[in-house]
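These are the residues of each chain, in order.
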Amino acid sequence: MTEPQDPGNSTRRLPTVDPVEQGGAVALDQSASAASYDPAPTKEGGGGAGRFWSARRIPAGLVALVVLGGAGLLLYDVAAVRADHPAMRWRRSLADELAQRPLNNVWVLAGAAVAMAIGLWLIVLAATPGLRDLLPMRRDRPGVRAGLDRTAAALVLRDRAVEVSGVQSVRVRMGRAKVAVRAVSHFRELDDVRADLDTVLTTGIDELGLAKQPSLSVHVRRPAKKG
């Protein structure tokens, strides 16, 4: 018979690995665990909480300036030719070079590659939201959006972790989909320290109020021996 699951608990713990195998040898002074979480349901009327889109004013301004300058210069040259004036030297030189150089020329291929790279870069900027350091928070009210900086979230979780008894130092790496915690414990059993870290950090992640709660990975080890 299987034990009934509590519907209010959305935490799914993966198997605990202790001790950890490294390079064929068993490390007896390490303890690790991982957990994942189901996204918290959004309150009715709050709407979805997607990622924030970057305005990208600098790339847009640079492209606008280049297009405006090139179009203005070309329009001036065309108008000068229509008024029975000779075309600008750069346009005549460019036309002669394109007429003389074959398509497999190194400079032609290099120019095409640069133009293609710039075009792909602009397409990526236009199709991706950006602002990877800003984590969207749950939308409890319509028309209101909030975000949390990844560095600030990592500092909050680190402050929670260093309060656990036995923890000497902690490093928290906050990603959009995963929180990686590496702690050093100088006393207490590693499994006990890891279990306390799991509990504290699970509560801390839930209290951050993120729209999509990241998974949690905790790794605890002993300090390196001196000498």
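Further up the page is the structure itself.
Residues numbered from 1 in each chain as written. Predicted model: local features only at pLDDT ≥ 70, side-chain atom pairs only at ≥ 80, totals over all residues. Heavy atoms only, no water.

What follows concerns a nonpolar patch on the surface. Residues Val63, Val67, Val114, Ile118, Trp121 and Leu122 make up a contiguous nonpolar surface patch of about 510 Å² in total accessible area. Elements that contribute at least two residues to the nonpolar patch include exactly α1 (57–82) and α3 (106–127). The greatest single-element share of the nonpolar patch, amounting to 4 residues, is contributed by α3. Tracing the backbone through its elements, the reader meets Ile118 in helix α3. A relative accessible area of 45% places Ile118 in the partly exposed class. (Patch = residues over 30% accessible without salt bridge, like charges linked within 9 Å, V, L, I, M, F, W, Y side chains within 5 Å. Areas by Shrake-Rupley, 256 points an atom, 1.4 Å probe, with all protein chains shown as cover. Salt bridge = Lys/Arg side-chain N within 4 Å of Asp/Glu carboxyl O. Helix = DSSP H or I, 4+ residues; strand = E, 2+ residues; numbered from the N terminus. Buried < 20%, exposed > 50% of the residue type's maximum accessible area, 1.4 Å probe, protein only.)

Pairing analysis gives 7 bridges linking strand β7 (residues 167–174) to strand β8 (residues 178–185), with the strands arranged antiparallel. Its bridge partner lying in β8, Val167 is registered against Ser185. Where β7 hands over to β8, the hairpin turn is made up of 3 residues, counted between the paired strands. As paired elements, β8 and strand β9 (residues 215–221) share 7 bridges and run parallel to each other. Following the sheet pairing, Ala183 is matched in β9 by Val220. As a crossover connection, the stretch from β8 through helix α5 (residues 190–207) into β9 is right-handed. (Pairing = 2+ DSSP bridges. Right-handed = clockwise from strand over helix to strand, strands pointing away.)

Next up on the list: the packing of helix α4 (residues 150–162) against α5. Running from N to C, α4 and α5 cross one another at 150°; their axes reach a closest spacing of 9 Å. With respect to α5, the element α4 is oriented roughly antiparallel. Remark: the crossing between α4 and α5 carries right-handed chirality. Side by side, α4 and α5 meet where Leu157, Arg160 and Ala161 of the first sit next to Leu197, Val200, Leu201, Thr203, Gly204, Ile205 and Glu207 of the second. When its residues are assigned to classes, the contact of α4 with α5 shows 6 nonpolar, 2 polar and 2 charged. (Axes fitted to C-alpha atoms, helices over the stretch in contact; angles between N-to-C directions. Parallel < 35°, antiparallel > 145°, perpendicular 65-115°, else oblique. Left-handed = near helix turned anticlockwise from the far one by under 90°. Contact = heavy atoms within 4.5 Å. Nonpolar A, V, L, I, M, F, W, Y, C, P; charged D, E, K, R; others polar.)

Right, let's get into a positive patch on the surface. Together, Arg171, Lys178, Arg182 and Arg221 make up a positively charged patch on the protein surface. Along the chain, the position of Lys178 falls in strand β8. (Lys, Arg positive; Asp, Glu negative; His and termini not counted. Charge placed at Lys NZ, Arg CZ, Asp CG, Glu CD.)

A few words on α3. For α3, with 22 residues, the first-to-last C-alpha span of 31 Å sits near the 32 Å given by 1.5 Å per residue. Where α3 begins, the side chain of Asn105 points an oxygen toward the backbone nitrogen of Trp107, at a separation of 2.9 Å. (Expected span 1.5 Å × (residues − 1). Polar contact = N/O pair within 3.5 Å; in protein donor to acceptor, adjacent residues only side chain to side chain.)

Let us now look at the nonpolar core. Counting residues in each nonpolar core, the largest one holds 24 residues, and the members touching the most others are Leu157, Met174, Val179, Val181, Leu197 and Leu201. Those elements that place two or more of their residues in this core are α4, β7, β8, α5 and β9. Among the elements that make up this core, the one with the highest residue count is α5 (5 residues). (Core = buried A, V, L, I, M, F, W, Y, C linked by side-chain atoms within 4.5 Å.)

Turning our attention to the pattern of salt bridges. According to the stated counting rule, one finds 6 salt bridges in the structure shown. Residue Glu207 pairs with Arg160 through a salt bridge whose shortest N-O separation is 2.4 Å. Placement of Glu207 in helix α5 and of Arg160 in helix α4 is noted, with a sequence separation of 47 residues between them. We classify Arg160 as partly exposed; its relative accessible area is 27%. Here Arg194 ties to Asp198 by a salt bridge, and the two come within 3.8 Å at their closest N and O atoms. Of this pair, Arg194 and Asp198 both sit in helix α5, 4 residues apart, which is roughly one turn of that helix. This pair shows no difference in class: Arg194 is buried, exactly as Asp198 is. One salt-bridge network, in which partners are shared between bridges, spans Asp191, Arg194 and Asp198.

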